[in-house]
Amino acid sequence: MNMNRKKLRDIVFSLHQYIGFFVGLLLILIGLTGSLLVFEQDFDHFMIAQQYGHITPQQVQVVSPEDVVNTIQAKYAARSDLHLFRIYLPDTPSSPYLGQLSTTDDHRTEVFLNPYTGKIIGERISDHTLIGMMLSLHYSLMAGETGTIIVGIAAFLMCMLSITGLILWPGWRKLIAGFKIKLNAHPQRANFDIHKVVGMITVVFIFLTAFTGFCWNFSFTSPIIYAVTFTPEPSEPVSKPIPGKSTLGLTEQLKIANAALPSAVTKSIYLPGKPEDALQIRMKLPQESSDYGDSNVYLDQYTGEVLRVDNAFKLPLGSRVLNSFIPLHYGTFGGLPTRILYVFVGLAPLVLFITGFMMSWYRHWAKPKRGDSAKELSHKQ
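Structural notes, computed from the coordinates. Computed from a predicted structure; not experimentally measured.

Our focus in this paragraph is helix H9 (residues 250–260). Within H9 the residues assigned to the buried category are Leu 250, Gln 253, Leu 254 and Ala 257. Along H9, the residues classed as buried sweep out an arc of 100 degrees about the axis, all on the same side. Opposite its buried face, H9 presents the exposed residues Lys 255 and Ala 259, each directed more than 90 degrees away. Each element contacted by the buried residues of H9 is listed here: helix H3 (65–75), strand E5 (265–270), strand E6 (279–284) and strand E7 (295–299).

Given below as structure tokens:
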């Protein structure tokens, strides 16, 4: 029995070691960019204010989203390659309206408007900003669909590393030993202790970020989540085009959405791209922790008929699981403390790779020393 257990442990150790060396450098890159992106929104808001000027709050009513849409569409009327698909409403009295336009070359143009005057104060291609490049590097290595697949596979292997590392943790035999670091011991022992403690402290968070990243990079995971939670996948709301009838005004549509979720605040609006698409109003209820809310109202763009209402607290289990991915991946579920924690979680792959490499070096190339010998440490591992 003990021999079989030792063989199984050796197999798990070898799997852990080989996966770590195979994708270690890639995981370091993903982790470091992830650490920088934890405060992505705060940094981006600061850069927008620096680049386009601070907006001074005024005691006047902000311009309507419909006026903002009309202004942007008039500005880019001659650009057939641009399509306005979403606008974000101001988060604070000093925040601008943000309009996002998709392009035929897969670049996203962002337009900023003063909420009190309705005037355009600046524009940019989001992929060319520092945050945009960091996101592209983190999500797809700046390599398009191929990079997305590679990062998704790396995320899956990171999940495997988390599981195998958890199995190998020596604290299962003796809890105190599992969290003890002997910094005054031989460097070989101190290195091993740092690896096991850093790994154990961050293993849950590393697994969560890796699993959510894997699910985002591979679309087939969404139907699986609905299936395993025994939740029917929601159908896409559809508008019914009426010949000769134009779409209902956005201001009127927003009134209908507000009546459907009276206590919610509108955060963004997804504009229909096709005649049969629905108008999606994304809203945030007072108890929601997500910055942009997880509640939605879908309307027929021609009649204003309410096609579907998604109350974030009454969603099916599968949808709630998918909605939880954003706070779990970015560390926003516990406010500022967990966001700071996630900065260090992003640094963990670097620490674990270095200490893991040193463990392998001591095991295979360094000469055994007295005291904590290589054989003794190997047995403890």
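The rest of the description comes next.
Taken as a whole, this structure holds 16 aromatic pairs when the rule is applied. Ring plane angle 45 degrees and centroid distance 5.6 Å describe the contact between Phe 156 and Phe 214, whose orientation is recorded as tilted. Of the two residues, Phe 156 is situated in helix H5 (residues 144–168) and Phe 214 in helix H7 (residues 187–217); the sequence distance between them amounts to 58 residues. Note on Phe 214: relative accessible area 15%, which makes it buried. Plain terms: the ring middles of Phe 214 and Phe 218 are 5.3 Å apart, the flat faces sit at 55 degrees to each other, and that makes the pair tilted. The residues Phe 214 and Phe 218 share a single accessibility class, namely buried. Each member of the aromatic cluster is reached from another via a ring pair, and the members are Phe 156, Phe 214, Phe 218 and Phe 220.

For Met 142, which is not glycine, the phi torsion reads 60 degrees and is therefore positive. Mapped onto the elements, Met 142 comes out in the loop between helix H4 (130–140) and H5. Judged by its relative accessible area of 48%, Met 142 is partly exposed. Phi angles above zero are rare outside glycine, and Phe 230 is one such case at about 55 degrees. Among the structural elements, Phe 230 can be located in the loop between helix H8 (221–228) and H9. Assessed through its relative accessible area of 76%, Phe 230 is described here as exposed.

Strand pairs in the sheet, formed through backbone hydrogen bonds, run parallel or antiparallel to each other. Here we have eight strands laid out as an open sheet, ordered E4-E3-E2-E1-E5-E6-E7-E8, and antiparallel in their pairing. Sheet topology places strand E4 (120–125) and strand E8 (306–310) at the edges, where each strand pairs with a single neighbour. Each adjacent strand pair in this sheet contributes to an overall mean axis angle of 20 degrees, direction not counted. With six bridges connecting them, strand E1 (residues 82–88) and strand E2 (residues 97–103) associate as antiparallel partners. Paired with Leu 84 across the bridge in E2 is Leu 101. Along the sheet face, helix H2 (residues 40–52) touches strand E3 (108–113) and E4 and points at about 125 degrees away from the line of E4. Of the strands in this sheet, E5, E6, E7 and E8 are in contact with H9, which crosses E6 at around 50 degrees.

Cut-offs applied
Residues numbered from 1 in each chain as written. Predicted model: local features only at pLDDT ≥ 70, side-chain atom pairs only at ≥ 80, totals over all residues. Heavy atoms only, no water. Buried < 20%, exposed > 50% of the residue type's maximum accessible area, 1.4 Å probe, protein only. Helix = DSSP H or I, 4+ residues; strand = E, 2+ residues; numbered from the N terminus. Arc of directions from axis to C-beta. Contact = heavy atoms within 4.5 Å. Phe/Tyr/Trp six-rings, centres within 6.5 Å; stacked < 30°, edge-to-face > 60°. Pairing = 2+ DSSP bridges. Axes fitted to C-alpha atoms, helices over the stretch in contact; angles between N-to-C directions.

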